[in-house]
Amino acid sequence: MLRMKSLLSPSFSTLSPHLTKTTPFSLYFLASKSILCNSQILKNPNCLHIKSTISSMKPLMSSNSIQSRRVQIEASQSSSGEIHVIVGPMFAGKTTTLLRRVQSETSNGRKVAIIKSNKDTRYGLDSIVTHDGVKLPCWALADLSSFREKLGSDAYDELDVIGIDEAQFFGDLYEFCCKAADHEGKTVIVAGLDGDYLRRSFGSVLDIIPLADSVTKLTARCEICGKRAFFTLRKTAETKTELIGGADVYMPVCRQHYVSGQVVIEEATRIVLESQKVQCGEK
Ligand SMILES: Nc1ncnc2c1ncn2[C@@H]1O[C@H](COP(=O)(O)OP(=O)(O)O)[C@@H](O)[C@H]1O
Ligand SMILES: Cc1cn([C@H]2C[C@H](O)[C@@H](COP(=O)(O)O)O2)c(=O)[nH]c1=O
Ligand SMILES: [Zn+2]
């Protein structure tokens, strides 16, 4: 088989063997390569094979369909989206950073919408609020897939940027981000907890890391020693993963004080349970 240069890189030796057979994929592949690198084909004698293959495809793909394919490919290229993920413990500044980035996009004339989970009722439903009290209006939703319908298709299509806060509470986070960035050209900025109070992966936040253009892990200040806090300690004996609360229930801590704090809380929980058994036994 004629060894040919890649259209996209100087040293690509051969196309995959299956591409030598005329299959729908090989036709699409060759046509799209041709469209994307039309100038290279004309200039690059080593691509004669592709040129002759393209010319032999005429009955299958007319120049009109190749032209319209070019428009589709160029459109998809020019409207490719982005995904930026902001994680860290509670009080690390995730919401603050999200708001700052959203406001920067707005000041650049981009159309923005912010979504948070309707599970987070700490500071009211129609706005996202930082622990410092800074707030912006938002959509409080049970899931992300309903956003387009709630906002309206026309308004949704005009959106450039979608901010998502408390992302750990959205079960459809992966699918929504994938579709919004890959196929709708949206810039999605996601803020959420990477870990729960036991430092386990929380919701689908870590699942979208492979989809992301950027990942930022923020830190807070350890409430015990003032060093950088990477984890969130739950101060109560409650063991369910989802427990809405603020400084009343949680505190950011460094590794040393997470480990020692977790031991203290587990021991305190054991003592409380023991005393309840004794009380029940006496009654
Ligand atoms: N222990 C702490 N460490 C860092 N910031 C704290 C702490 N306790 C309270 N804060 C306040 O919380 C703010 C961050 O709030 P926010 O952006 O809502 O954080 P997150 O969304 O990560 O929970 C900080 O600017 C700070 O003023
Ligand atoms: C660690 C942890 C937290 N939560 C809840 C508590 C808060 O309502 C949010 C996190 O808020 P923030 O914006 O990051 O301050 O999540 C939870 O349900 N389970 C946990 O383990
Ligand atoms: Zn500490």
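Everything here concerns the structure above.
Residues numbered from 1 in each chain as written. Chains lettered and ligands numbered in written order. Predicted model: local features only at pLDDT ≥ 70, side-chain atom pairs only at ≥ 80, totals over all residues. Heavy atoms only, no water.

J.: Give a description of the coordination of the zinc ion (ligand 3) that names residues and reports values.
T.: At this site the zinc ion (ligand 3) is bound by Cys222 (SG), Cys225 (SG), Cys254 (SG) and His257 (ND1), with donor distances of 2.1 to 2.3 Å. If you look at the zinc ion (ligand 3), its 4 donor atoms make angles of 98 to 114° with each other, and the shape they trace is tetrahedral. Here the donor residues for the zinc ion (ligand 3) map to a single chain with the spacing C-x2-C-x28-C-x2-H. Taken together, the residues cysteine 225 in the loop between β9 (220–221) and β10 (228–229) and histidine 257 in helix α9 (residues 255–282) connect sequence positions 32 residues apart. Under the relative-accessibility criterion, cysteine 225 is labelled partly exposed at 33%. (Donors = N, O, S within 2.8 Å, 3.2 Å for Na, K, Ca; no water. Tetrahedral: all angles 85-135°; square planar, octahedral: opposite > 155°, others 65-115°. Helix = DSSP H or I, 4+ residues; strand = E, 2+ residues; numbered from the N terminus. Buried < 20%, exposed > 50% of the residue type's maximum accessible area, 1.4 Å probe, protein only.)

J.: Can you lay out the environment of glutamine 256 for me, pointing to particular residues and giving the numbers?
T.: Tracing the backbone shows glutamine 256 in helix α9. Along the chain, glutamine 256 and serine 127 lie 129 residues apart, while their C-alpha atoms are 35 Å from each other.

J.: Any details on the site of ligand 1? Residues and values, ideally.
T.: Surveying the vicinity of ligand 1 reveals 15 residues, the closest of which are Lys94, Thr95, Thr96, His131 and Asp132. Within the backbone of lysine 94, a nitrogen or oxygen atom sits 2.8 Å from an oxygen atom of ligand 1. The contact in question runs from an oxygen atom of ligand 1 to an N or O atom on the side chain of threonine 95, over 2.8 Å. Relative to its unbound accessible surface of 580 Å², ligand 1 loses 80% to contact with the protein. (Near = heavy atom within 4 Å. Polar contact = N/O pair within 3.5 Å; in protein donor to acceptor, adjacent residues only side chain to side chain. Areas by Shrake-Rupley, 256 points an atom, 1.4 Å probe, with all protein chains shown as cover.)

J.: How would you summarise the layout of surface pockets if you had to cite specific residues and measurements?
T.: Looking at the largest pocket, its volume works out to about 470 Å³. What lines the largest pocket is a set of 32 residues, among which Met90, Lys94, Arg122, His131 and Glu166 lie closest to the centre. The leading source of residues in the lining of the largest pocket is helix α5 (residues 94–107), at 3 residues. In terms of residue class, the lining of the largest pocket is built from 13 nonpolar, 11 polar and 8 charged. (1 Å grid on protein atoms, 1.4 Å probe; cavity = no way out; pocket = protein on both sides within 12 Å on 5 of 7 lines; lining within 4 Å. Points joined across faces, edges and corners; volume = space filled by probe spheres on them. Nonpolar A, V, L, I, M, F, W, Y, C, P; charged D, E, K, R; others polar.)

J.: Which residues make up the site of ligand 2, and what values do they have?
T.: Near ligand 2 you find 19 residues, and of these His131, Glu166, Tyr197, Thr241 and Leu243 are the closest. Between ligand 2 and the protein, one listed contact pairs an oxygen atom with a side-chain N or O atom of lysine 94 at 2.8 Å. Between an oxygen atom of ligand 2 and a main-chain N or O atom of leucine 243, the distance comes to 2.8 Å. Coverage of ligand 2 by the protein amounts to 98% of the 490 Å² it exposes when considered alone. Taking a 2 Å distance to the grid points as the criterion, the majority of the atoms of ligand 2 fall inside the largest pocket. Class assignment of the residues belonging to the shell around ligand 2 gives a composition of 8 nonpolar, 5 polar and 6 charged. (Sits in = over half its atoms within 2 Å of the grid points.)

J.: Run through the sheet that holds strand β1 (residues 82–87), naming residues and quoting values.
T.: Reading across the sheet, the 6 strands line up as β5-β2-β6-β7-β1-β8 and stay open at both edges, with parallel pairing between neighbours. Edge positions in the sheet fall to β5 (139–141) and β8 (214–217), since each of these pairs with one other strand and no more. Strand-to-strand twist of the sheet, defined as the mean angle between neighbouring strand axes without regard to direction, takes the value 20°. Two strands pair when backbone bridges link them, and β1 and strand β7 (residues 187–191) are joined in this way by 5 bridges, in the parallel orientation. When the sheet's bridge partners are listed, histidine 84 is paired in β7 with isoleucine 189. (Pairing = 2+ DSSP bridges. Axes fitted to C-alpha atoms, helices over the stretch in contact; angles between N-to-C directions.)

J.: Would you mind going over the packing of aromatic side chains in detail, with residue names and values included?
T.: Per the stated rule, a full pass over the model turns up 5 aromatic pairs. Between tryptophan 139 and phenylalanine 147, the aromatic rings sit 5.9 Å apart at their centres with planes inclined by 75°, giving edge-to-face as the arrangement. With a relative accessible area of 32%, tryptophan 139 lands in the partly exposed category. Look at phenylalanine 147 and you get buried, because its relative accessible area is 0%. Ring centres of phenylalanine 147 and tyrosine 156 lie 6.0 Å apart, and the angle between their planes is 75°; on these two criteria the pair is classed as edge-to-face. When its relative accessible area of 2% is taken as the criterion, tyrosine 156 is described as buried. Ring pairing ties together the aromatic residues Trp139, Phe147 and Tyr156, which thus form one cluster. (Phe/Tyr/Trp six-rings, centres within 6.5 Å; stacked < 30°, edge-to-face > 60°.)

J.: Explain the environment of threonine 219 to me, using residue names and the numbers behind them.
T.: Locating threonine 219 in the fold gives a position in the loop between β8 and β9. Among the residues examined, threonine 219 registers a relative accessible area of 25% and is labelled partly exposed. Separated by 36 residues in sequence, threonine 219 and histidine 183 place their C-alpha atoms 33 Å apart. Once residues within four sequence positions are removed from consideration, threonine 219 is found in contact with Pro89, Ala92, Arg228, Ala229 and Phe230. (Contact = heavy atoms within 4.5 Å.)

J.: Mind laying out the side chain of lysine 116, listing which residues take part and the relevant values?
T.: Looking at the element boundaries, lysine 116 is found in strand β2 (residues 112–117). An unpaired buried charge is present at lysine 116: no salt bridge exists, and aspartate 120, the closest side chain of opposite charge, is 4.9 Å distant. From its side chain, lysine 116 meets the backbone oxygen of serine 127 in a polar contact 3.0 Å long. Apart from residues no more than four positions distant in its own chain, lysine 116 is found in contact with Gly124, Leu125, Ser127, Ile128, Cys138, Trp139, Ala140, Leu141, Asp165 and Phe170. (Lys, Arg positive; Asp, Glu negative; His and termini not counted. Salt bridge = Lys/Arg side-chain N within 4 Å of Asp/Glu carboxyl O.)

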